[in-house]
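What the coordinates show
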Amino acid sequence: MAKLKTKIKAEPSLAQIGKLVAEYRGQKWALIPLFQVMQDEFGYIPPESIDLIAKALGLFPVQVQGVISFYAQLYTKPQGRNVVRVCRGTACHVRGGKTILKLAKQYLGLEEGETTPDYEYTLETVACIGVCALAPNIVIGTTTYGHMNPKKVAQLLGERKGRE
Amino acid sequence: MNLEAITITLNGREVSGQPGMTVLDLARESGVAVPTLCHDPHLDPVGACRICIVEDERSGALMASCVTPIAPGMVINTESPRVQERRKTIIKLMLASHPDSCLVCDKGNRCQLRKVASDIGVGLVEFQRIPQLATIEEVNPFIERDLSKCILCAKCIRACQELVGEGAIDYLGRGFASKPATLGDLPLEKSECTFCGTCVALCPTGAIMEKDKVYTGTTTTTVHTVCPFCGCGCGVYLEVKDNRLVRVRPDADSSLSRSTLCVKGSYGCDFVHSSDRLSSPMVKVNGNFGVVSWEEALGVVADAFKRIKETHGSSSLVVFGSSKCTNEENYLLQRFARCVLSTNNIDNGSRLYNAATHVGLWETVGCRGTTNSFDDLERSQVILVIGTDPTSSAPLVEYAIKRAVKRNGAKLLLIDPRQTKLVSWANLWLKPKVGTDVALINGMAKVIIDENMLDKECVAGKTTNLETLAKDLQEYTPGYVEKITGIPSDDICHAARFFAKAGRASIVYGDGITQNINGVGSVAALANLALMTGNIGDGRGGIYALQMENNAQGACDMGTLPDFLPGYQGVEDAQARKIFEARWGCQLPVGVGLTALEAISGAEEGKMRGMYIVGENPAVSFPNSNLVRQALESLDFLVVQDIFLTETAKLAKVVLPVASFAEKEGTFTNFDGTVQRIRKALEPFGNSLPDWEVILRLATTMNSSMPYSSPQEVMKEIAELVPLYQGVNYAKLDVKSYRLGKGQIASEKMKFSPVKYIPQPSPEDGYPLTLFVGTTLYQFGSGSRTLRASRLRKLLPEAFVELSKSDSRKLKVKDGDRVKVVSPTGEVAVLVRISDTLNQGMVFMPAFFPEGLVNGLFDIVLDPRTKAPALKTCQVRLERIEGDG
């Protein structure tokens, strides 16, 4: 299977975070872009960065936390190198998305929102990714896999089960 | 306003308003009722609840009126069938996830959700119920949250961020899961929350409620009055049932407090119901107090005063007035001292820290206190905060400073050796060595002169004596000042430019300035800075002298001072004497009287024989408490008038019980000179009487009755005889508070007053640490009231001393160890707390512990000008107590 490029590095140090945040000092509007850059860099938004961000952008730490908690795409925990998103939208549901999710859970040994201890995989569900014609869908990283069936799921994720 | 009015059609009627108004504003102004839940006049509108929707009949659009600005030609219907139907749906959706506990919910009829539901006629909710179970476990004694009742209006969040500037809570999560939460979703006590109670007061439902109430039930009467703690003068409503306080809530209409309070105001007033309250007069016989009637008690006092006056003369009698008592009471008390006891030996506790302001500001800007209104502070572009930690000593001022910074883009210049909470708000934080403030301020002044940043118009037109000042400042070059203060010369120049270049720069100072050994000089140096940059008077910045007590300003205004008649008219001023003598029909005593501490020394030497102490606790609040206690014990006669048997009252021969702030009428004057009415909400406790009545009765018992029957009559006389209080009367005050001293600043030229930096005497060997004494948020003054407030008491820590990590390492002590704090004057044993807010060499203790714990370490060192004691810092050493823990 294709290895995807979601980065995961060792836990970033406060100095690394500080360096990144410093570029946005005083720019209140830049909160979300900063989150995105940070997530690109570290794979997630380390909770200890909240105070630094708040200070640099002139916000209260709770405001920063509030915005992070609002967006599903922002994480405060390290994510796996491969984020597997199983679509639970209406079209995918009608075409068996529920079974696809069940299989994904089995192969990865994960519940929704969980990450494997080796940070290889994170399993998520998504409400709709907009390619209902290909339903049911799985997205791994930024690549979409359509017309899923048990066999294809096994091809994509079965390797994982074998290893455990 | 030259902006053109905008006319819209509202429910078929043409109405006009100013540009910028919202549809809701205009509707309310026109007398059209629109229901709201998330709207509050003090908060930015967010349109969260949607209940205020109205219909634009041209487009058919339904829009939230609280966030829709009026536009020409709008045709608005606030009650169309669609609007009504939609409002019902909105409320039903809210009720669908709201518990059915209205019958027992303590919010009762105060619940706005319930009120709106009933107003718009929602009966049954036919939607499927989705209960939100969300009680949050909290162990703090003040606030509990039951978010199952939350309607997500964000009033609490906005109050916390916009009004209080604390930012303890914000939304967390999204959709059904969203809720107001602290950082990390922790209980309030583990967050930044200061328990000011503003969110509790603004919450429209029962989601955020007051906890551990002393008395519950439905309020029967509500009385507007003024908070009895610090000098901010917040308006409060006392809600009463069965002669008990049910709750205290902030006054939303007060221009000072605007819906906010602090933890003491919100949750500290129940000291009035403390079982320690004195209920009957007592006379000490053979060392034990016995309860007596008022007649008997006053008879004993009258006889003693007469006897002492006859045998030792009037000058052996002393009276202490109180900065906690009303203006009227202080006025009566000084009349009693001057006319009945015939002595000018009268003083009050607030003079001990206020005198520096009275003299320092008078000699420069010609003002006896704060120069500008509280509102002006928030409009400042630069705020210089020095010698105060308003976070704990004047929370309302701290809120205003934070609002100025956060919302108006003001810059904060903080001068404090301690890392206080405001540090994180400061644009520039200078940490001078202790006691070097004057050098620093002089250094800044010199930079302003040298770099020609003076406000030339103001300096030339309104002031004199700049040349002398400039000459005197010659030596204060940045390099020299750096050597004294330890602040890099670049920072000094930077601070000076920062201050001088702002259009409106204000100075806020507190007891860290006034209680220094050279308090007068420090105040004058600050005034020089304000004068040379033109920051005096309307439209510019101002000087804000913070007060520690509710009526500190008023007590001094009323002349409970040894050197001034009411309104700062000198006791030697022939014209003033004539006016008062004519009115009072007595001969006023001649010569300046003794200040409080001179009187204490006098008592120790046996020169003082009788003392009348009203609402003060010198045995705890004065320096060198052991000596003070001995002095009080050595008196022939001591009468103490108080609400509690304080440490001082225990030493008295006669104790007179008095009514608390909630049990009497009168006025308080706050730190910016606003006079406000206090009103009677409760019957006086037991047989206690209001102070004013006690003074009047005592005068009558001494055959010199004073012709007043109510505080109102006293104020009438004050308004006539005291120019400063001209125009103050109860009828006016009932409508609106009144700020004194418009034009209080003298019309004659203001004067620069050179101040020399006097190095502090180098510490005696063996006392290497500098002790700071300050306030903490949860306790007040000597603690006689806050330690008796049921909830504040729960937060009472054991007496402690804070020290820096490096000192703790040197002393080999850790958090929780016991140490002895030793000064040349005394010693106390306390717990160690290690704090990262302190520099090496500094230790901190709060002032509120009773038994004179902290003040016992201070020797009596008086300011040469004002005879006020230095009570802010002294040199100490810490000793480990071996074999402990």
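Rules used in this analysis
- Residues numbered from 1 in each chain as written.
- Chains lettered and ligands numbered in written order.
- Predicted model: local features only at pLDDT ≥ 70, side-chain atom pairs only at ≥ 80, totals over all residues.
- Helix = DSSP H or I, 4+ residues; strand = E, 2+ residues; numbered from the N terminus.
- Rg over C-alpha atoms; globule rule 2.2 N^0.38 Å.
- Buried ≥ 20, exposed ≤ 12 C-beta atoms within 10 Å, placed from the backbone.
- Contact = placed C-beta atoms within 7 Å.
- Pairing = 2+ DSSP bridges.
- Axes fitted to C-alpha atoms, helices over the stretch in contact; angles between N-to-C directions.
- Nonpolar A, V, L, I, M, F, W, Y, C, P; charged D, E, K, R; others polar.
- Domains from an automatic or database assignment.
- pLDDT = per-residue confidence, 0-100.
- Expected span 1.5 Å × (residues − 1).

With that settled, consider the overall build of chain B. Summing up its helical and strand segments, chain B has 28 helices and 37 strands in all. At 29 Å, chain B has a C-alpha radius of gyration in line with the 29 Å of a compact globule built from 885 residues. Reported as C-alpha extents along the three principal axes, the dimensions of chain B are approximately 90 × 70 × 65 Å. Here chain B, with 885 residues, has 56% of them falling under the buried criterion. Of the contacts formed within chain B by residues at least 6 apart in sequence, a portion of 73% connects residues at least 24 apart.

With that settled, consider the overall build of chain A. Helix and strand counts for chain A stand at seven helices and four strands. Listed by position from the N terminus, the elements making up chain A come as α-α-α-α-β-α-α-β-β-β-α. For chain A, buried positions account for 32% of its 164 residues. Long-range contacts, defined here as pairs at least 24 residues apart, represent 66% of the contacts in chain A between residues at least 6 apart.

Before going further, it helps to examine the sheet that holds strand 10 (residues 221-226) of chain B. Residue and element names in this part refer to chain B. Strand order across the open sheet formed by three strands is 10-11-12, with antiparallel pairing between neighbours. Across the chains shown, the open sheet's two edge strands, defined by having one partner strand only, are strand 10 and strand 12 (244-250). With strand direction ignored, the average angle separating the axes of adjacent strands in the sheet is 30°. Where strand 11 (residues 235-241) lies against strand 12, six bridges are found, and the strand directions are antiparallel.

Let us look at the sheet that holds strand 2 (residues 121-126) of chain A. Residue and element names in this part refer to chain A. Strand order in the open sheet formed by four strands is 2-1-3-4, with mixed pairing between adjacent strands. Both edges of this open sheet fall to strand 2 and strand 4 (143-145), since each of them pairs with a single strand only. Pairwise comparison of adjacent strand axes, ignoring direction, gives a mean angle of 25° for this sheet. Two elements, strand 1 (residues 82-87) and strand 3 (residues 138-140), share three bridges in a ladder whose sense is antiparallel.

Let us look at the interface of chain A and chain B. Residue-level contacts link eight residues of chain A with 11 residues of chain B. For the side of chain A that touches chain B, the per-class residue count stands at four nonpolar, four polar and no charged.

All names here are of chain B. Considered for burial, the residues of helix 3 (residues 112-119) that qualify are Gln112, Leu113, Arg114, Val116 and Ala117. Considering only its buried residues, helix 3 is in contact with helix 2 (81-96). With its phi angle positive at about 80°, Gly121 sits one or two positions after the end of helix 3.

On to the domain arrangement of chain B, then. When the domains of chain B are assigned, the result is domain 1 (6-96), domain 2 (128-270), domain 3 (300-350 + 551-728), domain 4 (354-545) and domain 5 (769-880). Spacing between the C-alpha centres of domain 1 of chain B and domain 3 of chain B amounts to 56 Å.

Turning to the domain arrangement of chain A, a few remarks are in order. As a measure of interface size, the accessible area lost when the parts come together is often cited. Partitioning chain A into structural domains gives domain 1 (14-70) and domain 2 (82-163). Summarising the inter-unit geometry, the C-alpha centres of domain 1 of chain A and domain 2 of chain A are found 30 Å apart.

Moving on, we come to the confidence of the model for chain A. If pLDDT is low for a region, its predicted coordinates should not be looked at in detail. Per-residue pLDDT for chain A averages 89, and the proportion of residues at 70 or more is 91%. In the predicted structure, residues 1-6 of chain A sits below a pLDDT of 50 and forms 14 contacts with residues beyond four places in sequence or in another chain.

This next bit is on the pairing of strand 25 (residues 610-614) of chain B. All names here are of chain B. Most of strand 25 is tucked away, with five of its five residues classed as buried. Residues Gly610, Tyr612 and Val614 point to one face of strand 25 and Met611 and Ile613 to the other, with burial holding for every one of them. As judged from the four bridges shared by strand 15 (residues 317-321) and strand 25, these two strands associate in the parallel manner. Looking across to strand 25, one finds that Val318 is bridged to Met611. Where strand 25 and strand 26 (residues 637-642) come together, five bridges link them in parallel fashion. What sits directly across from Val614, in strand 26, is Gln641.

Another aspect to go through is the environment of Glu879 of chain B. Residue and element names in this part refer to chain B. Along the chain, the position of Glu879 falls in strand 37 (residues 873-880). Given 14 C-beta atoms within a 10 Å radius, Glu879 is considered partly exposed. Contacts of Glu879, omitting those with residues within four sequence positions, involve Val819, Lys820 and Val822.

Further remarks concern unusual backbone geometry. For the peptide bond that leads from Ala135 of chain A to Pro136 of chain A, omega is -5°, which places it in the cis range. Within the element layout of this structure, Pro136 of chain A appears in the loop between strand 2 and strand 3. Notably, Asn452 of chain B is not glycine yet its phi reads approximately 55°, a positive angle. Looking at the element boundaries, Asn452 of chain B is found in the loop between helix 13 (437-450) and helix 14 (456-462).

With that settled, the discussion passes to helix 9 (residues 351-362) of chain B. Owing to its 3.6 residues per turn, the α-helix brings residues three or four apart onto one side. All names here are of chain B. Taking 1.5 Å per residue as the helical rise, helix 9 with its 12 residues ought to reach 16 Å, whereas the 14 Å between its terminal C-alpha atoms falls clearly short. Taken across its 12 residues, helix 9 has 11 buried, putting it largely inside the fold. Regarding helix 9, the residues found buried are Arg351, Leu352, Tyr353, Asn354, Ala355, Ala356, Thr357, His358, Val359, Gly360 and Leu361. In the core, the buried residues of helix 9 are packed alongside strand 16 (346-348), helix 18 (511-514), helix 19 (519-532), strand 22 (543-545), helix 20 (552-557) and helix 22 (596-604).

Attention now moves to the pairing of strand 32 (residues 769-774) of chain B. All names here are of chain B. Among the six residues of strand 32, six are classified as buried, and the element is accordingly described as predominantly covered. Across the two faces of strand 32 the burial is the same, with Leu769, Leu771 and Val773 and Thr770, Phe772 and Gly774 all buried. Pairing between strand 32 and strand 37: four bridges, direction antiparallel. Residue pairing for strand 37: Phe772 is matched across the bridge by Thr873. With five bridges joining them, strand 32 and strand 36 (residues 842-846) adopt parallel strand pairing. Bridge pairing in strand 36 links Leu771 to Val843.

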